[in-house]
Amino acid sequence: MSLKTRRDFLKSGVNTAVALAMGGAAGFVVGKSGKGDLVWQLDPNICIQCENCATNCVLPESAVKCVHSYSMCGYCDLCSGYLEPGAKSRDTGAENQLCPTGAIKRTFIEDPYFEYEIDEKLCIGCGKCIKGCGAFGNGSLYLQVKHDRCVNCNECSIARSCPSNAFRRVPAETPYILRGEEADRYSAQI
Amino acid sequence: MTRHLRFILIAFAVLSTAAAPEPIQRFPKPDFESGYERPIMQTPASRALTLEYLDVVVLIAALSLASYFVLKKRSRRYLFVLMLFSLIYFGFWRKGCVCSVGSVQNVVLAMFSNSYAIPLTVVAFFLLPLVFTLFFGRTFCAAVCPLGAAQDIFILKPKSLPGWLNETLSLIPYLYLGLSVLFAATGAGFLICRYDPFVGFFRFGASFDMILFGAFLLLLGTVVARPYCRFLCPYGVLLNWMSQLSRKHLSITPAECINCRLCEASCPFDAIKMPTAKSNEKKEQNTRRLALLLVLTPLVMALSGWAGSLLHVPLSRGHFTVALAEEIRLEDTGQRTERTDETDVFRATGKSTALLYEEARQIQRQFRTGGWLLGGFLGLIFCLKMIKLAIPSEQSLYEANRGTCLSCGRCLSYCPVGKEGVDVERIPQG
Ligand code: SF4
Ligand code: SF4
Ligand code: SF4
Ligand code: SF4
């Protein structure tokens, strides 16, 4: 055999060996794999509303938004998620609102109840309202990664900066971590 | 008024501490008399699994086409169109986040973590380009990788780099790969994603630093073609290995090279091997140098491994738990009085500091082992490079360097062999 063909022979041998080795490695990895995809979600019971969610998402408009568990809400008139702690009056005046973007809509339902609705387009996910609601209210407001917005980064850049380590990968079929009846309804749905 | 005052006082007290308040039902659920129905919370689903599988189908199709265009069609133009498609699909449409380059980390994490079930689609994105490269060369880099495509369209006036610089810079990807594997294996995070310079463009948003870095690379790329691919890309290391063993690989000439030198300057990546002058060096001298290198290799590996292990403390700070433990220690020893959000949360959980330290120590031990391996690996790579330089190459023709050739197809049209109206006999040779 000439040098050249000998080298070629060797090379194709190594080629086959590598192909086989890769097959083996693939088998090993596939053995540890799951069929479905994984997506990022934050656990509202760990989150401390540090405001990183508003600014650290790779998207210009954060994929994290405030959600509202209506089933838990007390429909309070004096809503600690809606009103600034020192608010002079309980109305929709911007100076009385906790939300910096005025994303919470307050609607009178019946005496003495008010409904609060998050306008997702305005919410920046800063968590101010959530802090207020969690401290004095029922904790019906909390943050979630909205999966029609999230691009599912391989490494979520909020997760990396989250001081409470609240982010984790969850199965894509159940991409939310909810509270209250919403949580029950959600798990029943699936 | 007093009620209000109390509200304000408690509010300030609570709002200034950082601990996750467990939801407490402080107010009863109202019974509505007006027939009001509670709205339902919207929980939009994440991307459908079928679409994820579609990505894999598109990947296979693109890889097959790219290989076909390189090896059978031998057409740069077709490749360019496919490259644009990949840039749009995997880049702008998929926002750069179904990515073979980053998938290395997912695979490593899956190997080392018991809790991470790597999605099958990610395994496919990791393996398929490697398999295709093992058969056909780096056709993935030619027209499928969106990162490569983004840089490729900015190649304007490529300059050739001096050989020594090329060789030196091309060691960086090994370091980058090694560090990324170490970080992924220890669960410290995904460096490749964190420092992906182009993904910010695909999403029209990223941190200012990364946009700056990306813009710098693209600008540099006008003269130093595809700088990320050649001097950073960690996946490129694996592709390089596979490509060296590839069954078929792009050949510049369709038949026999006639040494006309026409293709000599056609590769913007300095990936064409040129005929070497017969070296006059004594064979003996060479053998002696080679023997010396072979003896030195384990020594160098041990030394660099040791150096790597020394770095385990600073490196391990990249891990959340270790960083937290350090902060807690600083606070507990009174070296810092300001508390951070992280330490506040930790203290609120009531977990014992001793437990945290133990966890951190364990991670540091992993980093030390990893540091040894990383250092040894880099030492080996360095020695192999030296050995390769010491072995006199007998290149007699113009040929693509299988490892570094990105199969972009630019050189193909320079070769006169087999072209209509070209009389090979009349081209001056040598
Ligand atoms: S970064 Fe973490 S702690 Fe901060 S708001 Fe987001 S989930 Fe909550
Ligand atoms: S306070 Fe922040 S989190 Fe709450 S609704 Fe307003 S923007 Fe969204
Ligand atoms: S995964 Fe990406 S897009 Fe989704 S929340 Fe995190 S940073 Fe934002
Ligand atoms: S070298 Fe890396 S970044 Fe460049 S085209 Fe290949 S895989 Fe993509």
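Throughout this document, residue positions are counted from 1 along each chain, in the order its sequence is written. Labels follow written order: the first chain is A, the first ligand is 1, and so on. In keeping with the predicted nature of the model, local features appear solely for residues at pLDDT of at least 70, side-chain atom pairs appear and are counted solely at 80 or more, and the whole-chain, interface and lining totals rest on all residues. Values shown for side chains rest on all heavy atoms present in the structure; no hydrogens or waters enter the calculation.

Residue and element names in this part refer to chain B. Residue ranges for the domains originate in an automatic or database domain assignment. With domains assigned, chain B is organised as domain 1 (50–275 + 399–416) and domain 2 (283–390). Between the C-alpha centres of domain 1 and domain 2 there is a distance of 28 Å. Counting residues at the interface gives 14 residues for domain 1, matched by 13 residues for domain 2. Buried area, as used here, totals the accessible surface that two parts lose on assembly, with accessibility defined by a 1.4 Å probe and the loss added over both. Here domain 1 and domain 2 share an interface that buries about 1300 Å² over both sides, 76% of which is from carbon and sulfur atoms. Area buried by domain 1 at its contact with domain 2 is led by Tyr-174, Leu-182 and Thr-186, which between them contribute 38% of it. Any two residues having at least one pair of non-hydrogen atoms within 4.5 Å are treated as being in contact.

So, about the site of ligand 4. All names here are of chain B. Within the structure, ligand 4 sits among 13 residues, and Cys-141, Cys-145, Arg-226, Cys-229 and Cys-233 are positioned closest to it. Under the scheme used here, helices are H or I runs from DSSP no shorter than 4 residues and strands are E runs no shorter than 2 residues, and both carry numbers assigned from the N terminus. Elements supplying a minimum of two residues to the shell around ligand 4: α6 (139–143), α7 (146–152), α13 (227–231) and α14 (234–244). Throughout this entry, Asp, Glu, Lys and Arg are counted as charged residues, while Ala, Val, Leu, Ile, Met, Phe, Trp, Tyr, Cys and Pro are counted as nonpolar. The remaining residues, Gly among them, count as polar. Classifying every residue of the shell around ligand 4 by side-chain character gives ten nonpolar, one polar and two charged. Any residue with a non-hydrogen atom lying within 4 Å of a molecule or strand is treated as near it.

Salt bridge criterion: a side-chain nitrogen from Lys or Arg within 4 Å of a carboxyl oxygen from Asp or Glu. Enumeration according to the criterion identifies 28 salt bridges over all chains in this entry. With a closest N to O distance of 3.0 Å, Glu155(A) and Arg194(B) form a salt bridge. One end of the pair, Glu155(A), is in the loop between β6 (141–145) and α4 (157–161); the other, Arg194(B), is in helix α10 (residues 191–194), on a second chain. Given a relative accessible area of 13%, Glu155(A) falls into the buried group. The class for Arg194(B) is buried, based on a relative accessible area of 16%. Lys29(B) is the partner of Glu181(A) in a salt bridge, and the nearest nitrogen-oxygen pair spans 2.6 Å. In this pair, Glu181(A) is assigned in helix α5 (residues 180–189) and Lys29(B) in the loop between α1 (2–15) and α2 (49–73), connecting two distinct chains. Each residue is assigned to one of three classes by its accessible area relative to the maximum for its type, calculated with a 1.4 Å probe on protein chains only: buried under 20%, partly exposed between the two thresholds, exposed over 50%. Given a relative accessible area of 34%, Lys29(B) falls into the partly exposed group. Here the residues in one salt-bridge network are Glu61(A), Lys65(A), Glu120(A), Lys146(A) and Arg149(A), joined through shared partners.

The environment of ligand 2 is made up of Cys66(A), Cys99(A), Pro100(A), Thr101(A), Ile104(A), Cys123(A), Ile124(A), Gly125(A), Cys126(A), Gly127(A), Lys128(A) and Cys129(A). In terms of residue class, the shell around ligand 2 is built from eight nonpolar, three polar and one charged.

Facing the 81 residues of chain A at the interface are 80 residues of chain B. For the pair chain A and chain B, the two sides together bury roughly 6700 Å², of which 62% comes from carbon and sulfur. When the buried area of chain A at its contact with chain B is split by residue, Lys32(A), Pro85(A) and Phe136(A) rank highest and sum to 10% of it. Taken together, chain A and chain B are joined by two salt bridges. Polar contact is defined as a pair of N or O atoms within 3.5 Å, subject to the rule that within protein one atom must be able to donate a hydrogen and the other to accept it, and that residues adjacent in sequence are counted only when both atoms are side-chain atoms. The interface formed by chain A and chain B includes 25 residue pairs in polar contact (both at pLDDT 80 or more). At the level of elements, α1 (3–31), β1 (33–34), β2 (38–42), β3 (64–68), β4 (104–110), β5 (113–118), α3 (128–136) and α5 of chain A are the ones that each hand at least two residues to the side of chain A that touches chain B. In terms of residue count, the dominant contributor to the side of chain A that touches chain B is α1(A) (twelve residues). Looking at side-chain class alone, the side of chain A that touches chain B contains 40 nonpolar, 24 polar and 17 charged residues.

We now examine the environment of Cys79(A). All names here are of chain A. Here Cys-79 shows up in the loop between β3 and β4. Cys-79 gets classed as buried once you look at its relative accessible area, which sits at 12%. A sequence separation of 54 residues divides Cys-79 from Ala-25, and the C-alpha atoms of the two residues are 57 Å apart.

A word on the environment of Asp119(A). Residues and elements named next belong to chain A. Take Asp-119: it is sitting in the loop between β5 and α3. Its relative accessible area of 32% is what places Asp-119 among the partly exposed residues. Along the chain, Asp-119 and Pro-100 lie 19 residues apart, while their C-alpha atoms are 13 Å from each other.

Another point: the pairing of β4(A). Residues and elements named next belong to chain A. Paired strands are those between which DSSP finds at least two bridges. Where β4 lies against β5, six bridges are found, and the strand directions are antiparallel. Its bridge partner being in β5, Lys-105 is matched across the sheet by Glu-117. Taking the residues that link successive antiparallel strands as the turn, the β4-β5 hairpin has two residues.

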